[in-house]
Amino acid sequence: MNPEEHIEQMLHTIIENTQSIINDQGKQSFGSLEYFLGHILEYRDEKRFLTEDWQFRTPRWLGEYGNTAEEEELLADIYRLQAYIAEKLKGA
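Keep in mind that this is a model prediction, so the values were computed, not measured.

> Outline the overall build of the protein chain, supporting the account with residue identities and numerical values.
The helix and strand inventory of the protein chain stands at three helices and zero strands. The secondary structure elements of the protein chain, listed N-terminal to C-terminal, are α-α-α. When the 92 residues of the protein chain are sorted by exposure, 37% land in the buried category. In the protein chain, the share of contacts with a sequence separation of at least 24, taken over all contacts with a separation of at least 6, comes to 59%.

The following block contains the structure:
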């Protein structure tokens, strides 16, 4: 699998996990995950990860104390994606 395909697969996982959290009525994302989802879908569709504009906005509260296990896993997926992009596409 080439880096672009791997990134798209990682984005797909992030999108699915975000949608799962949004759809769980027991969680309170206060609209920020809906905003994040729209942003990440646009990022994927426009293949921004192939440009210099490769960072995406993560809700500030994500990763703070008190998040659910699903939210923590989502944040870990985001960090893994950013590290992969930095290594494979940006040579960091």
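Additional details are given in the paragraphs that follow.
> Quick rundown of helix 2 (residues 32–45)? Include the residues and the values.
The end-to-end C-alpha distance of helix 2, which contains 14 residues, comes to 20 Å, matching closely the 20 Å that a straight helix rising 1.5 Å per residue would cover. For helix 2, the full list of buried residues reads Ser32, Leu33, Phe36, Leu37, His39, Ile40 and Tyr43. Lining the buried residues of helix 2 we find helix 1 (3–23) and helix 3 (69–88). One or two steps after helix 2, the chain reaches Lys47, where phi turns positive at roughly 50°.

> Tell me about helix 1, residues and numbers included.
Count 3.6 residues to each turn of an α-helix, and residues three or four apart come out pointing the same way. A rise of 1.5 Å per residue sets the reference length of helix 1, with its 21 residues, at 30 Å; its end C-alpha atoms lie 30 Å apart and thus fit the reference within 8%. Every buried residue belonging to helix 1 is among Ile7, Met10, Leu11, Ile14, Ile15, Thr18, Ile21 and Ile22, and all of these are buried. Down the axis of helix 1, the buried side of the element spans an arc of 140°, and every buried residue falls inside it. Buried residues in helix 1 make contact with helix 2 and helix 3. Of the residues that open helix 1, the one with a side-chain oxygen 3.0 Å from the backbone nitrogen of Glu4 is Asn2.

> Requested: an account of the pattern of salt bridges, with residues and values cited.
In the structure shown here, the tally under the stated rule is seven salt bridges. In this structure, Lys47 and Glu8 form a salt bridge, with 2.2 Å as the shortest nitrogen-oxygen distance. One end of the pair, Lys47, is in the loop between helix 2 and helix 3; the other, Glu8, is in helix 1, with 39 residues separating them in the sequence. What makes Lys47 partly exposed here is its relative accessible area of 31%. The salt bridge partner of Asp45 is Arg44, with a shortest N-O separation of 2.8 Å.

> Run through the environment of Arg44, naming residues and quoting values.
With respect to the secondary-structure elements, Arg44 resides in helix 2. By relative accessible area, Arg44 is classed as partly exposed at 28%. It is 8.7 Å that separates the C-alpha atoms of Arg44 and His12, two residues lying 32 residues apart in sequence. If we skip the residues at most four places from it in the chain, Arg44 touches Leu11, Ile15 and Phe49.

About the cut-offs
Residues numbered from 1 in each chain as written. Predicted model: local features only at pLDDT ≥ 70, side-chain atom pairs only at ≥ 80, totals over all residues. Heavy atoms only, no water. Helix = DSSP H or I, 4+ residues; strand = E, 2+ residues; numbered from the N terminus. Buried < 20%, exposed > 50% of the residue type's maximum accessible area, 1.4 Å probe, protein only. Contact = heavy atoms within 4.5 Å. Expected span 1.5 Å × (residues − 1). Arc of directions from axis to C-beta. Polar contact = N/O pair within 3.5 Å; in protein donor to acceptor, adjacent residues only side chain to side chain. Salt bridge = Lys/Arg side-chain N within 4 Å of Asp/Glu carboxyl O.

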